[in-house]
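Breakdown of the fold
The residues making up each chain are set out below.
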Amino acid sequence: MQHNMPLDEVLMIIALGSYVVSALALLAFFFTRDEWLKHLGIPLAIAGVVAQIAQLLARWELTHIWPLLNLYGSLSMFSVVSVGIFIYFAFRYKLWFAGGFVIALAAMFLAYGVTWNEGTMPAVPSLQSYWAKIHVPLVVSSYGAFMVAFVMSAMYLLKYYYERALGTATAPVDYAMAGPSAAASSTSEMRVRLDAPNIAAAAAGGNATAQWFNTMPSLAQLDILIYRVVAVGLPLLTLGIITGAMWAHEAWGAYWQWDPKETAALFSWIVYAIYMHLHTRNAWRGVRSAWISAAGFLTIMFCYFGVNLWISGLHSYKV
Amino acid sequence: MTAVRSYYEDFLRTFSNVLFAVSLLLVWGLMTLVGVIVQQGKDPSDYFSMYAPPLARMILRLNVDNIYHTPYYVGMIGLILVSLTVCTFKRVIPARLPVLRPVKIDKIPLNGQIEVPGDEGAVRARVEQFFRKRGWQVRSREFDGTEWTFADKHNWARRGVLVAHIGFAIIAAGTTVYWAKGFSGDSAVLVGQTIDVPHRQATLRLDKFNFKIQPIMTKSGMVYQPIDYVSNVTVVGKNGIPKNETIRVNHPIDIGGTLFYQSSYGYAIKFLVTHDGTRSAALSDKTYFTGDAITLPGSGRQIQVMQFVPTVDRQTGQPSADPRINDPAVGLAVAEGGQTAGAALVPMKTWIDVGDGWRVTPQSYVMVSGLQYRYDPGVALVGIGAFVLLAGLVISFYFLPARLFVRVESAPQGCTVGLAAMTVKGYDIFETQFNELLAELRKTMVPPEPSSSLSLAEAT
Ligand code: HEM
């Protein structure tokens, strides 16, 4: 053990370690539904978030340089926000079963970010602005929200296609698609939702996989969850683009330069705007919007990494 | 006449269709993506070196190299605005501000029924009181002799979509103002040079330009990190009074509404050009930028100024990565009849023989500040529109307008209270809340059955 390892590196190791164990525990929980695994995973996820926030603050304090100006810092923010948003949604809507995936992805992004640690570098002139403290966290937070939406979409699609695979005799009755004319019981009891009837039937018949799918939220609930997370991401992305434009107005003389990075963000923004519009239509809720939200995250990844690594522009921070 | 009307109706029908709107958004998105992938604003020859000739020709012919300013890109945004307007008036406003009307309660997926003792009037009053206390806006209407109660929550938020759409339109208006009235450009200003501020009765003189570069050893090698670029200028406005100002990155200056930004820097070079030992005044008095050429009269030969190299590596004699000025040199190429005949890196104050008795000596250099200027009278509108759009998003996403339909009917023992709910976002999103509301209503309206423990307590 090096006794002179800087504090921020120690914290980073703690954060990464917590995430890895938490992800493993929650992944095991996903497959086994053993409660103790959840009780191990949750505190570790929280510990990871706390360690990472402390790491970013320590780095800022040690170097006096806003830590989000390179891929290392921004990936660190991205992972902490994804896990943070997920923890909020998980407590609110009992989503811990999906935690393993979110936290594993976050840990992977964080580990990748660490490979970009070039040590401390002062900011180039265009990044020496208070806007860096506003714009970067907003954009990266929106990416985090979209990642959570992506995992929820994957869950939706998994359950949906499993339901389909179980039998095509009964097409899934997607309650969301049924609309006002759907037959509904007029009893005052809470309705029993049968939006995955094949899974429900197979679960009742003792099929272990089906029983396990049956403990996931219903398709309709997953659909609403995706919507709610995108509803966090889209305003953040909008505000991120707006603050980026304000910064560009101040630094480069034009709020919009059609630079590849901002244009790629506009593209993602359009994709999620499409998602939001289609989600207002009954027929497009459910599986189709889950696909759009999943695809939306790929456009975010393109905007985040693709543009930085393949396409040069103002955001490659030359001036 | 009827043909015109039917076209008009087709137009309205198409443009108010959300799927049509989404298709427009999709095309807009894809065109935007094309502009990310195909680099914008390059030299035509660059496209031929990057793509196969047919593709390069297509890129140039369709103006994909400048896609965001093509008629079809701008036209697409125009179509989106038309669609957005038609949709807002034809669909959003009517659908989102529905009139109060009776419904078939049990045909609505979110519905429930409770049996309540008491007479109709009293029960209705208590039900209305229940919703009012929880912040619902309660209204009653009579339809064909049947009394209905309607309770609304976040009714105002039904306008969120309208707000978002108006925001988008305001942004479009702001950019149009710039196209109509604004201008922008850039100028490379030599130290000591004075330029006219475009469209303004003002001049700007560059007194000094400075840059600061910090060499930093990183894990992947030496990096020369720029820290600061500073132009010290003197501005003389309409009043004729000179004013000293400083332009830095992130700190533009404002000259009569036109903003000046620090965007780049470079060098200009003066050469001593001699022919058989005699100085050519015409060629030697000029200042050359990189990319310029010195045309030698009578020789058919051109000396192209390729680059200014601030530091030449002493060991290799090649340009080094250090952008600070240590041992400057100029990269020159000799071209004859359009063909490059040779190239050399020529240190300052050393001459190079370019044939036929011509000699060229890089004599001195002067710093150039790249300034960008922009006058944009639409910027405030764009800013306002952006925040209006954001407000619309937040209203639409976080305030769910819901309407409850309540019908109280006399039943053999008391009344039946039928309750149904609709929201602007379907039913699933409101299900949990609806069930909670129903349970609470039941608890409030129906007196609890005396439980055994209670009767025991009463007995003792
Ligand atoms: C092609 C142009 C557009 C058309 C025709 C259009 C049409 C519509 C319609 C009809 C709705 C309401 C659907 C319903 O309640 O049943 C809607 C919702 C909405 N629109 Fe647009 N829209 C357009 C562009 C935009 C743009 C560019 C934005 C900016 C993001 C936007 C933001 C919204 C929002 C936030 C909602 C509410 C979504 C929700 O509540 O979940 N729209 N739009």
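Since the structure is predicted, the reported quantities are computational estimates derived from the model, not experimental observations. (Residues numbered from 1 in each chain as written. Chains lettered and ligands numbered in written order. Predicted model: local features only at pLDDT ≥ 70, side-chain atom pairs only at ≥ 80, totals over all residues. Heavy atoms only, no water.)

**Digging into helix α3 (residues 71-93) of chain A**
Residue and element names in this part refer to chain A. An ideal rise of 1.5 Å per residue puts 33 Å on 23 residues; α3 measures up with 32 Å between its terminal C-alpha atoms. Among the 23 residues that make up α3, 18 are buried, leaving the element largely enclosed by the rest of the structure. Immediately downstream of α3, the backbone of Lys94 shows phi near 55 degrees, a positive value. (Helix = DSSP H or I, 4+ residues; strand = E, 2+ residues; numbered from the N terminus. Expected span 1.5 Å × (residues − 1). Buried < 20%, exposed > 50% of the residue type's maximum accessible area, 1.4 Å probe, protein only.)

**Quick look at the packing of helix α9 (residues 219-251) of chain A against helix α9 (residues 379-398) of chain B**
Helix-helix packing: each pair is described by the crossing angle between the helix axes and the interaxial distance. It is the contact of α9(A) with α9(B), at a shortest axis distance of 10 Å, that shows an interaxial angle of 170 degrees. By the angle class used here, α9(A) and α9(B) are roughly antiparallel. When α9(A) is examined against α9(B), the residues Tyr227(A), Ala231(A), Val232(A), Leu234(A), Pro235(A), Thr238(A), Leu239(A), Ile242(A), Met246(A) and His249(A) are found in contact with a partner set consisting of Val379(B), Ala386(B), Phe387(B), Leu390(B), Leu393(B), Val394(B), Ser396(B), Phe397(B) and Tyr398(B). A breakdown of the residues in the contact of α9(A) with α9(B) according to their chemical character gives 16 nonpolar, 3 polar and no charged. (Axes fitted to C-alpha atoms, helices over the stretch in contact; angles between N-to-C directions. Parallel < 35°, antiparallel > 145°, perpendicular 65-115°, else oblique. Contact = heavy atoms within 4.5 Å. Nonpolar A, V, L, I, M, F, W, Y, C, P; charged D, E, K, R; others polar.)

**Thoughts on the nonpolar core**
One finds Phe78(A), Trp269(A), Trp28(B), Phe131(B), Leu404(B) and Phe430(B) to be the most contacted residues of the largest nonpolar core, which totals 167 residues. When residues of this core are assigned to their parent elements, the largest contribution, 18 residues, is made by helix α5 (residues 131-166) of chain A. Ignoring anything within four residues of it in the chain, the contact list for Phe78(A) reads Phe109(A), Val140(A), Tyr143(A), Gly144(A), Met147(A), Phe297(A), Met301(A) and Tyr304(A). Residues Ile269(B), Val273(B), Ile294(B) and Phe308(B) belong to the second largest nonpolar core, which totals 40 residues. (Core = buried A, V, L, I, M, F, W, Y, C linked by side-chain atoms within 4.5 Å.)

**Some points on the sheet that holds strand β15 (residues 329-336) of chain B**
All names here are of chain B. The strand order across the open sheet formed by 4 strands is β13-β14-β15-β16, and the pairing between neighbours is antiparallel. Taken across any chain shown, the strands that pair with only one partner, and hence form the sheet edges, are β13 (293-296) and β16 (339-347). Neighbouring strand axes in the sheet, compared pairwise and without regard to direction, differ in orientation by 25 degrees on average. Where β15 meets β16, 8 bridges bridge the pair, whose relative direction is antiparallel. Pairing of Ala335 across the sheet is with Thr340, part of β16. (Pairing = 2+ DSSP bridges.)

**With respect to the sheet that holds strand β5 (residues 194-196) of chain B**
Residues and elements named next belong to chain B. Across the sheet, 4 strands lie side by side as β5-β6-β7-β8; this open sheet has antiparallel pairing. Looking at the sheet topology across the chains shown, the edges are occupied by β5 and β8 (242-248). With strand direction ignored, the average angle separating the axes of adjacent strands in the sheet is 35 degrees. Strand direction decides the pairing type here: strand β7 (residues 221-236) and β8, joined by 7 bridges, are antiparallel. The residue of β8 that forms the bridge with Val230 is Arg248.

**Here we look at the packing of aromatic side chains**
Two aromatic rings, taken as a pair, are described by how far apart their centres are and by the angle between their planes. Taken as a whole and judged by the stated rule, the model has 49 aromatic pairs over all chains. Here the aromatic rings of Phe30(A) and Phe101(A) are separated by 4.8 Å at their centres, their planes lie at 85 degrees, and the arrangement is edge-to-face. In this pair, Phe30(A) sits in helix α1 (residues 7-32) while Phe101(A) sits in helix α4 (residues 99-114), placing the two residues 71 residues apart along the sequence. What makes Phe101(A) partly exposed here is its relative accessible area of 28%. A centroid spacing of 6.1 Å and a plane angle of 15 degrees characterise the contact between Tyr156(A) and Tyr160(A), whose relative ring orientation is stacked. Pair noted here: Tyr156(A) and Tyr160(A) are both in helix α5, with a separation of 4 residues, about one helical turn. Like Tyr156(A), the residue Tyr160(A) is buried in the burial classification. Three or more aromatic residues joined by ring pairs form one cluster here, namely Phe209(B), Phe211(B), Tyr229(B), Tyr265(B), Tyr267(B), Phe308(B) and Tyr365(B). For Arg200(B), the ring lying beneath its charged end belongs to Tyr375(B), and the centroid distance is 4.6 Å. When the ring centre of Tyr255(A) is taken as origin, the NZ or CZ atom of Arg374(B), which lies over that ring, is 5.8 Å away. (Phe/Tyr/Trp six-rings, centres within 6.5 Å; stacked < 30°, edge-to-face > 60°. Lys NZ or Arg CZ within 6 Å of the ring centre and 35° of its normal.)

**Let's talk about the interface of chain A and chain B**
Contacts between the two partners involve 67 residues from chain A, matched on the other side by 69 residues from chain B. Carbon and sulfur atoms make up 64% of the surface buried where chain A meets chain B, a total of about 5,800 Å² over both sides. Ranking the residues of chain A by area buried against chain B places Pro125(A), Tyr255(A) and Trp258(A) at the top, with a combined share of 11%. Joining chain A to chain B, the criterion identifies 0 salt bridges. Linking chain A with chain B are 5 residue pairs in polar contact (both at pLDDT 80 or more). Taken together, the elements giving at least two residues each to the side of chain A that touches chain B come down to α6 (175-178), α9, α10 (260-279) and α11 (287-310) of chain A. In terms of residue count, the dominant contributor to the side of chain A that touches chain B is α9(A) (16 residues). (Buried area = accessible area lost by both parts, 1.4 Å probe. Salt bridge = Lys/Arg side-chain N within 4 Å of Asp/Glu carboxyl O. Polar contact = N/O pair within 3.5 Å; in protein donor to acceptor, adjacent residues only side chain to side chain.)

**A word on the confidence of the model for chain A**
Detailed reading of the predicted model is not advised wherever pLDDT is low. All names here are of chain A. Per-chain confidence: chain A averages 82 in pLDDT, with 86% of residues scoring 70 or above. Between residues 169-193, whose pLDDT stays under 50, and residues either more than four places distant or in other chains, the model counts 59 contacts. Confidence drops under pLDDT 50 across residues 314-319; counting only partners more than four residues distant or on other chains, this segment forms 18 contacts. (pLDDT = per-residue confidence, 0-100.)

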